[in-house]
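# Topology and contacts: notes
In case you want the letters, here they are:
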Amino acid sequence: MIHLIWALMAIIGIVYAMIHGTMEEVNEVILTSAAESVTLTIQLLSILVFWLGMMKIAQEVGLLQQITKLLTPFLKRLFPDLRHNNVALGYIVSNVIANMFGLGNAATPLGIKAMQEMKKDSKDGEATRSMITFLAINTSSFTLIPTTVIAIRMQYGSVSPTDIVITTIISSFVSVICAILFDRYFYHRDIKRNGGWKE
Amino acid sequence: MIQTISLWIMPMLILCILSYATFKRAPAYEWFVEGGKEGIDIAISILPYLLGMFVSISILRESGALDAFIQLFVPVLAFFGVPAEIVPLAIVRPISGTASLAMMTELTKVYGPDSFIGRLVATMQGSTDTTLYILTVYFGAVQIKKMKYAMKVGLLADFVSVIVSIIIVKLLLM
């Protein structure tokens with residue numbers, strides 16, 4: 001699906017530009033957006049080096065394991081095939097906690113570490129069940145404090161910039177629950193169709 | 001209050017990790033460097049995934065096709081009770097984080113932060129993440145080529161999030 005979406009976005013864009021005379025803009029943006037992604041990667045690089053360094057300490061010293069222990073029973077239900085992979089669960093918990101507090105910077109490196117752990121169970125570069133569950137939670141993102149949004153509301157003179165915190169929490173909570181339900185649905189549907197993935 | 005909390009979280013986290021490590025007499029600096037090195041490899045391996053996705057999205061946006069596509073969706077989403085003003089945001093939110101933040105800012109400016117639209121776009125922006133970006137970065141970092149149904153799950157959840165945002169903002173804040 002990603003191959004199709006990726007190619008179609010460019011194809012549709014270029015064909016549309018042919019018809020509507022926006023080829024100049026398209027031509028320019030091909031180069032500028034490529035450069036933009038390099039800038040983004042460099043920003044990501046500093047964040048990744050810093051937080052993976054910090055998390056290495058947290059892991060080696062046993063902090064990560066302690067956090068995981070608290071949430072283990074719940075996690076094992078959510079990620080049945082990671083029952084025996086405490087390292088992956090540790091990273092998943094830390095990622096979710098970082099996201100909850102709006103620390104996107106810290107969350108990404110942790111999430112990537114979780115993915116690396118889960119990749120050990122993957123065959124031929126296929127996404128595993130746990131990876132998809134994990135990303136379902138991440139894309140619907142359970143947020144407690146939407147910092148950027150609050151900042152923008154303050155900038156435009158809101159009388160109570162934080163009154164959207166409660167609506168954001170409810171909305172993201174519901175969407176996380178739905179993401180998990182969709183994830184379960186498609187997983188079981190795939191099993192029925194293909195005669196299954198082994199757990 | 002909330003701002004103070006979010007300002008303090010990161011430094012406090014660092015403080016916790018470092019003081020715990022020092023208390024345990026662990027070689028913290030050595031581990032930090034070791035972990036950091038992994039970060040370099042990961043960042044480099046994400047680059048082609050990110051670059052490919054960025055260029056493709058930008059072509060779609062700059063050509064004007066994205067706007068046309070959005071106009072096509074206005075009546076469909078209006079049927080579900082989605083206000084026309086926020087349809088572009090609802091469609092762009094899963095595709096591009098920066099573009100949706102720009103749209104949200106613009107709508108906040110035009111309609112005012114305390115209007116229904118202002119509160120709705122704030123809730124929408126905050127309550128979900130950029131699905132395409134998340135999938136690109138996370139699957140890219142570990143070189144996963146077959147995403148299976150991950151995209152479907154992400155997009156469906158985004159749709160639910162829009163609907164729930166509308167209902168919640170109407171119920172609680174209006």
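Anything mentioned here points back to the structure above.
Description of the structure in this document. Since this is a predicted model, take the numbers as computed values, not measurements.

This brings us to the interface of chain A and chain B. Each partner contributes residues to the interface: chain A has 91 residues there, and chain B has 85 residues. Among the elements of the structure, α1 (2–20), α2 (23–61), α5 (104–119), α6 (129–140), α7 (147–155) and α8 (164–194) of chain A are those that each provide at least two residues to the side of chain A that touches chain B. At 24 residues, the largest contribution of residues to the side of chain A that touches chain B is made by α2(A). Grouping the constituent residues of the side of chain A that touches chain B by class yields 53 nonpolar, 28 polar and 10 charged.

What follows is about the nonpolar core. In terms of nonpolar packing, the biggest core is built from 107 residues, with A:I57, A:I92, A:L135, B:L89, B:L135 and B:Y138 touching the most fellow members. With 14 residues, helix α2 (residues 28–62) of chain B is the single largest residue contributor to this core.

Next up on the list: helix α3 (residues 63–78) of chain A. The terminal C-alpha atoms of α3(A) lie 22 Å apart, and with 16 residues this matches the ideal 22 Å at 1.5 Å per residue to within 8%. Along its length, α3(A) shows its largest kink, about 70°, at A:T72, and proline A:P73 lies within four residues downstream of that point.

The next point concerns the packing of α8(A) against helix α6 (residues 116–127) of chain B. Across the interface, α8(A) lies against α6(B) with an axial gap of 8 Å and an inter-helix angle of 45°. The orientation of α8(A) with respect to α6(B), classified from their angle, is oblique. At the point where α8(A) passes α6(B), the crossing takes the right-handed sense. Mapping the contact onto sequence places A:I164, A:T167, A:T168, A:S171, A:S172 and A:S175 in α8(A) and B:R119, B:A122, B:T123, B:G126 and B:S127 in α6(B). Taken together, the residues that form the contact of α8(A) with α6(B) break down as 2 nonpolar, 8 polar and 1 charged.

The rules behind these values
Residues numbered from 1 in each chain as written. Chains lettered and ligands numbered in written order. Predicted model: local features only at pLDDT ≥ 70, side-chain atom pairs only at ≥ 80, totals over all residues. Contact = placed C-beta atoms within 7 Å. Helix = DSSP H or I, 4+ residues; strand = E, 2+ residues; numbered from the N terminus. Nonpolar A, V, L, I, M, F, W, Y, C, P; charged D, E, K, R; others polar. Core = buried A, V, L, I, M, F, W, Y, C linked by C-beta atoms within 7 Å. Buried ≥ 20, exposed ≤ 12 C-beta atoms within 10 Å, placed from the backbone. Expected span 1.5 Å × (residues − 1). Bend = angle between axes of the 7 residues up to and from the residue. Axes fitted to C-alpha atoms, helices over the stretch in contact; angles between N-to-C directions. Parallel < 35°, antiparallel > 145°, perpendicular 65-115°, else oblique. Left-handed = near helix turned anticlockwise from the far one by under 90°.

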